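# Residue-level structural notes
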Amino acid sequence: MRKIYILFSAVLCLMAVGCRQQGGGKATDMKYRPLGDTGLEVSEISIGCGGFEKLDSAASLELMTMALDSGMNYIDIYDCTPKTRSNIGYALQGRRKEMIIQGHIGTIYKDGQHVRTRDVEEAKAGFEDLLERLHTDYIEVGMIHITDSHEEWEAIQDSPFLDYVFQLKKEGKIKHIGLSSHNAEVALRAAKSGWVEVIMFSLNPAFDRLRGGAVPWEKGAMDNLQAGIDPVRVEFYDYCATHKIGVTVMKTFGGGGRLLDAKTSQLGVAYTPEQCIAYCLANPCISTCILGIDNLDELKADLHWMHATEAEKDYTQVGQHEKPSLGGDCTYCNHCSPCTAGIPIAKVNELLDKAERDGLTPELQEQYNALGKHGSDCTHCGACLSRCPFGVDIPSRMDAARTMFGH
Ligand code: SF4
Ligand code: SF4
């Protein structure tokens, strides 16, 4: 899905003049922003852990090395598979201090699935596992994993789980407390809590535009950006900028890279990576855009951001979409997990979307067959529905997958 833009730009960037010295004395053109009031300076673009799930240890090392050498100094690590955590730890060995780690608390990998938890013992086991596999005794940002509803937010107040998070900070195992959310109302409550220092929030042109009115199609000043966005989102952005709450962006490219392809874009038009990043960074509260990067080619394409011209960054040229759609589009984020029947929902949706879009190929059928559980295993229990931030009718999609793939 991802397009390759200017393949050798990352190589050129390493030779550029007038660069900033970063990490181990490398010269890059990466720009940095304050992470709220934490005292940390983070690269404008940073890396998520999802892409590492597809890589072995050698490829993980290669990707991490290029990211670090290019000046990226921030990584988000949620409950990716234990093997992936180990590979990231391997890739960071010897360079741990060059990378600021945003690691999630309250999410574990259990029985082959991602599980959101507020059970202290489970959260503790998950966090200790993270430190061990990363070969470190602390992370910079301890991110309370996805808190999307008011009920979830209220449930963690004065809870043993929150006590555990505070204890981690007191012990220095996390330097700052963060929280991730797709819900602007909850994110705003977190920002105003007085103890959340960093918030990971889903932001891109589609989410701003389709979650509460039309965005005027000008870039730059917040006055313009704010004019058509859901007022709660605006209040959240303003509050974070004014009170120096760090905001890190997830789903910069629409989730699963949807915005980069007109066939999948929620806005019906394709954006480039530069336009998506420029849109997010035009918002003064944003510290870094966390990018899903699957391989070296995608990393090189994303690093073109450092040398993109103003014309390349100009998202105003994309223009108006005609048929906006947001509800029902899976972003393959895995937040609906675990499935009571063990179905890898995100993967099933991804294969189904591809088959619907491009036609069912033997390769897609083979990948689907190789999954441990399939659409036909869905019992319509509905347990996953409340965990999906994007309103996907998951049981219906599982039915559609069974029809498409035959089981
Ligand atoms: S509705 Fe289907 S996909 Fe969702 S948790 Fe239940 S069995 Fe799994
Ligand atoms: S169904 Fe929803 S929660 Fe699950 S992967 Fe898709 S977008 Fe994410």
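Quick look at the structure, then. Along each chain, residue indices are assigned from 1 in the same order as the chain's sequence is written. Ligands are numbered from 1 and chains lettered from A, in the order in which they are written. Local features in this predicted model are restricted to residues whose pLDDT is 70 or higher, and side-chain atom pairs enter the listing and the counts only when it is 80 or higher, whereas totals over whole chains, interfaces and linings include all residues. Side-chain calculation: all heavy atoms of the structure are included, whereas hydrogens and water are not.

### What to know about the sheet that holds strand β7 (residues 100-105)
- Strand order in the closed barrel formed by eight strands is β5-β6-β7-β10-β11-β12-β13-β14, with parallel pairing between adjacent strands. Looking at each pair of strands side by side, their axes are set apart by 30 degrees on average, direction ignored.
- At least two DSSP bridges between two strands are required for those strands to pair. Helix and strand assignments come from DSSP, with helices taken as H or I runs of at least 4 residues and strands as E runs of at least 2, each series counted from the N terminus. Taken together, the four bridges between strand β6 (residues 74-77) and β7 define a ladder with parallel strand orientation. Looking at the pairing, Tyr74 lines up with Ile100 of β7.
- On the sheet, helix α6 (residues 160-170) packs against β7, β10 (139-144) and β11 (174-181) and is oriented at approximately 145 degrees with respect to β11.
- Those strands touched by helix α11 (residues 273-281) are β5 (45-48), β13 (246-250) and β14 (286-291), and its axis lies near 155 degrees from that of β14. Lines fitted to C-alpha atoms define the axes, with helix axes restricted to the stretch in contact, and inter-axis angles between N-to-C directions lie between 0 and 180 degrees. Contact between two residues is taken to exist if any of their heavy atoms lie within 4.5 Å; hydrogens are not considered.

### Let's talk about the side chain of Thr81
- With respect to the element layout, Thr81 can be found in the loop between β6 and α3 (82-92).
- Within 3.5 Å is the distance limit for a polar contact, defined as a pair of N or O atoms, with the added protein rule that one can donate a hydrogen and the other accept it, and that residues adjacent in sequence qualify only through two side-chain atoms. Separated by 2.6 Å, the side chains of Thr81 and Thr84 make a polar contact.
- Apart from residues no more than four positions distant in its own chain, Thr81 is found in contact with Glu53 and Tyr109.

### Re the pattern of salt bridges
- Between Lys or Arg on one side and Asp or Glu on the other, a salt bridge is scored when a side-chain nitrogen of the former is within 4 Å of a carboxyl oxygen of the latter. In total, this model carries 23 salt bridges according to the counting rule given.
- Here Glu152 and Arg116 are joined by a salt bridge, their closest N and O atoms 2.7 Å apart. Within this pair, whereas Glu152 is found in helix α5 (residues 150-156), its partner Arg116 is found in strand β9 (residues 113-116), the two being separated by 36 residues in sequence.
- Of the residues examined, Glu152 reaches a relative accessible area of 26% and is grouped as partly exposed.
- Where Arg397 meets Glu356, a salt bridge forms, and the shortest distance between an N and an O atom there is 2.8 Å. A residue pair is termed long-range when its members are at least 10 positions apart, and Arg397 in helix α16 (residues 394-405) and Glu356 in helix α14 (residues 345-358) qualify at 41 residues.
- Here Arg397 falls in the buried class, since its relative accessible area comes to 19%. The buried label applies to any residue whose accessible area, calculated with a 1.4 Å probe on protein chains only, is under 20% of its type's maximum; exposed applies above 50%, and partly exposed to all values in between.

### Here's the deal with the packing of helix α15 (residues 362-370) against α16
- Where α15 contacts α16, the two axes come as close as 11 Å, and the packing angle between them is 125 degrees. Viewed along their axes, α15 and α16 adopt a mutual orientation that is oblique. With respect to the hand of their crossing, α15 and α16 are arranged in left-handed fashion. In this structure, α15 uses Leu364, Gln365 and Tyr368 to contact α16, whose residues at the interface are Ala401, Arg402 and Phe405.
- Ten residue types, Ala, Val, Leu, Ile, Met, Phe, Trp, Tyr, Cys and Pro, are classed as nonpolar, four, Asp, Glu, Lys and Arg, as charged, and the remainder, Gly among them, as polar. In the contact of α15 with α16, the residues fall into four nonpolar, one polar and one charged. Geometric relationships in this document are graded by angle, where less than 35 degrees denotes roughly parallel, more than 145 denotes roughly antiparallel, 65 to 115 denotes roughly perpendicular, and other angles denote oblique. Two helices crossing with the near one rotated counterclockwise from the far one by less than a right angle form a left-handed crossing, whereas a clockwise rotation gives a right-handed crossing.

### Some thoughts on the site of ligand 1
- Whether a residue is near a molecule or strand is decided by its heavy atoms; if any one of them lies within 4 Å of it, the residue is near. Lining the immediate surroundings of ligand 1 are 13 residues, of which Cys339, Cys378, Cys381, Gly382 and Cys384 lie closest.
- With three residues, the top contributor of residues to the shell around ligand 1 is α16.
- Among the residues making up the shell around ligand 1, the classes are represented as nine nonpolar, four polar and no charged.

### Quick notes on α16
- One less than the residue count of a helix, multiplied by 1.5 Å, gives the span that helix is expected to have. Look at α16: 16 Å from first C-alpha to last across twelve residues, which is about the 16 Å you get at 1.5 Å a residue.
- What α16 keeps buried is the set Ile394, Pro395, Arg397, Met398, Ala401 and Phe405. Here the buried residues of α16 occupy an arc of 160 degrees about the axis, which is enough to place them on one side.
- Contacts made by the buried residues of α16 are with α14 and α15.
- Directly beyond the C-terminal end of α16, a positive phi value near 95 degrees is found at Gly406. Arc definition: it is the arc formed by the directions from the helix axis to the C-beta atoms.

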